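The chain contents come next:
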Amino acid sequence: MKWINGLITLSFLIFVSSGMAGDIKGKVKVRAARNSGNVVIYIDKVEGKVFEPAKGHSVMDQKNLEFVPHVFPVVVGTTVDFLNSDEVLHNVFSPDCPDGKFNLGTWAKGIMKSFTFNKPGISTILCNVHPEMEAYIVAVKTPYFAVSDKAGNYIIKNVPAGNYTLKVWHEKRKAKPREVAVAATGETAVDFELKR
Amino acid sequence: MKKLFLVLFTAATMGVLLWEVQSVQAFPVFARKYKTSCSTCHYAFPKLNAFGKAFKNNGFRYPAGTDEEMRKEEPVSLGSEAYKKVFPDAIWPTDIPGTPPLAFRAIGRFLKFDKNTEDGKSSFEMPHELALLFAGTFDDHISYHGEIEFEHAAEIGYDFKVQYDFSPAAHLAFGTVGLNHMMAEDLRLTANHYNIVNLRNQSGTWRIRSGAAGGIELWGAGNGPGGRGGFTYAAGVGNGQRDGENYDKNKSKDFYGRVTYKIGGLGEIGGTEGQGSSTSAFYIDNSFRIGGFAYSGTAVAYAGDDDFSVIGGDIDWWFNRLNVVAAAMQMKSTYAGFERKSFTYFSEANYVLYPWLIAYARYEFTDKNTDDNIDAQTTILPAIVAMVRANVKCSLEYKIPLDSAGKNTGGLIFQVDFGL
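Residues numbered from 1 in each chain as written. Chains lettered and ligands numbered in written order. Predicted model: local features only at pLDDT ≥ 70, side-chain atom pairs only at ≥ 80, totals over all residues. Heavy atoms only, no water.

### Side note on the sheet that holds strand E9 (residues 112-117) of chain A
Residue and element names in this part refer to chain A.
No. 1: Ordered in space as E4-E3-E6-E9, the four strands form an open sheet in which the pairing is mixed. What marks the edges here is a single partner per strand, and that holds for strand E4 (66-68) and E9. When strand polarity is set aside, the average angle formed by the axes of neighbouring strands in this sheet is 25°.
No. 2: In this sheet, E4 lies alongside strand E3 (residues 58-63) in antiparallel orientation, the contact comprising three bridges. Each bridged residue has a counterpart across the sheet, and for Asp 61 the counterpart in E4 is Val 68. (Pairing = 2+ DSSP bridges. Helix = DSSP H or I, 4+ residues; strand = E, 2+ residues; numbered from the N terminus. Axes fitted to C-alpha atoms, helices over the stretch in contact; angles between N-to-C directions.)

### Examining the domain arrangement of chain A
Residue and element names in this part refer to chain A.
No. 1: Parsing chain A into structural domains produces domain 1 (1-51 + 143-196) and domain 2 (57-140).
No. 2: Taken together, the contact between domain 1 and domain 2 spans nine residues of the former and ten residues of the latter.
No. 3: A buried area of about 910 Å², summed over both sides, lies between domain 1 and domain 2, and 77% of it is on carbon and sulfur atoms.
No. 4: Counting the surface domain 1 buries against domain 2, the share from its top three residues, Phe 145, Trp 169 and Glu 171, is 52%.
No. 5: If you look at where domain 1 meets domain 2, you find one residue pair in polar contact (both at pLDDT 80 or more).
No. 6: Secondary-structure elements contributing two or more residues to the side of domain 1 that touches domain 2 are strand E2 (40-43) and strand E12 (145-147). (Domains from an automatic or database assignment. Contact = heavy atoms within 4.5 Å. Buried area = accessible area lost by both parts, 1.4 Å probe. Polar contact = N/O pair within 3.5 Å; in protein donor to acceptor, adjacent residues only side chain to side chain.)

### Observations regarding unusual backbone geometry
Leave glycine aside and you will find that most residues have negative phi; peptide bonds, for their part, are mostly trans.
No. 1: The amide bond that connects Val 68 of chain A to the next residue, Pro 69 of chain A, takes the cis arrangement and shows omega of 0°.
No. 2: Mapped onto the fold, Pro 69 of chain A is located in the loop between E4 and strand E5 (71-75).
No. 3: The omega angle of the peptide bond from Phe 45 of chain B to Pro 46 of chain B is 5°, so this bond is cis rather than trans.
No. 4: With respect to the helices and strands, the residue Pro 46 of chain B is situated in the loop between strand E1 (42-44) and strand E2 (47-48).
No. 5: Although it is not a glycine, Asn 158 of chain A adopts a positive phi angle of roughly 55°.
No. 6: Here Asn 158 of chain A shows up in strand E13 (residues 153-160).
No. 7: The phi torsion at Asp 139 of chain B lies on the positive side, around 30°, for a residue other than glycine.
No. 8: As for its placement among the helices and strands, Asp 139 of chain B is situated in the loop between strand E6 (120-138) and strand E7 (142-151).

Structural data, given as structure tokens:
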């Protein structure tokens, strides 16, 4: 079976690298919110394909009593290093991580502690020393995702041509998934409106 | 030279206008300034946690010179930084908060007495207190805090202190000073005051709660080895007893001092060196602090001067969810030809059941005259404290006198306390 998976992956890579891929671009509107940023737009899955996380670790910073970034999409299997950049102690814990609750303790400035997100889903990230701090790690099965800017703009680049389900996630608002047909070249426009 | 000039100028121009008032150490102003929760600094307000003490010891600033980057509220400049180069041919530049550094505190109580009093068997004392709090910093070296307090219908108190912060190890404060600002009294979770701050001299003209009134205080703090624990010190002189105009009522000044040393836990002036831990919470700071204090003063009374002094010590032990505080004090008071010695102590335990729910118990012992045969006053005070929100605290306590003379003087207090 391994050689079949390998063949599929190889075909996929050839497919993408040969230019048979397009971009999904659009705008999200978050109703009753200060802005339309921090919406994660992502392709839920690509049939028959399992994606590996990017090599190396990703970093979520704790700087000036804030998690940076506030919303952090990663591919399932990604290890995230939590860095403390403040001259105060910080903690990282998650009460709802799909991999199970965790608490990494506290650590000093310049030091990182790591956690690997092996299951898809949303992990709320909190600091039990500073209750106002929160962030979200969104573990998804594909590398085809984007986070909207404050104006709601987003772009997912190099998506292989095909039919997909495009989903969105926001910490307070929701929208229904959209079916999207990505052309071999060019852009496919998909907009969302998120409501309560 | 410029710094010295500024210090002298500050000392000469800052007013010291003070009335006896219960000092408050909870300032929602800072929650707004840094956009952070009350629990960043408070175990349960007004009781400070380890970081809150470090913040205070830095002159109400974030540790290690990081205050400017931690501040979320943009100040209004009253002169650009470059004007420091022009001094003394220009006013030294500074800044003020972008929004007024004001906050409010309100306290309401329901009281149920063990015995009928003039007010009856129970009472809704609402409001018990309304207070306007202010606190903040000017540029890198000046900080201030104070309050205007309305308690009951006719009592108004006010309190103000400004200090020049040379460094965390040296602050020179002008304003309302005294031991009460640095002891557990300021940090208590209960409506009932501690016995040691309520013990009066023979003439009844002074107690620790009275403070030293207007005066000057040099104080500071530093971290211990490895950035953990450390020391604090304070030495001050004040009017002591004062009249309605806030002038000294007698020729002599009151003097006081306090020293503490903390072993383990967060450094007294903060920082993160050596502070990693597998567990953490804003209410945890495994450490042991020991301290000593002394006060000497003179008060004018009906039968002449009352020369009094106190000396005492205290401990503050934190272990995971448990915090134990104890203090003992001896008072001497010479008045109308009589010398009286008093001895008093208390011990209390705080246990965090949940981050918002604290079980509390206190034992108090007060022997007003150690040379007579009258029984000492002893009391136990169980309580439960609930932080229903980060800025709203409810507490239920029951004072139970154990000595025969104190029988029927106990009672229950339910208190709601919130800051905005």
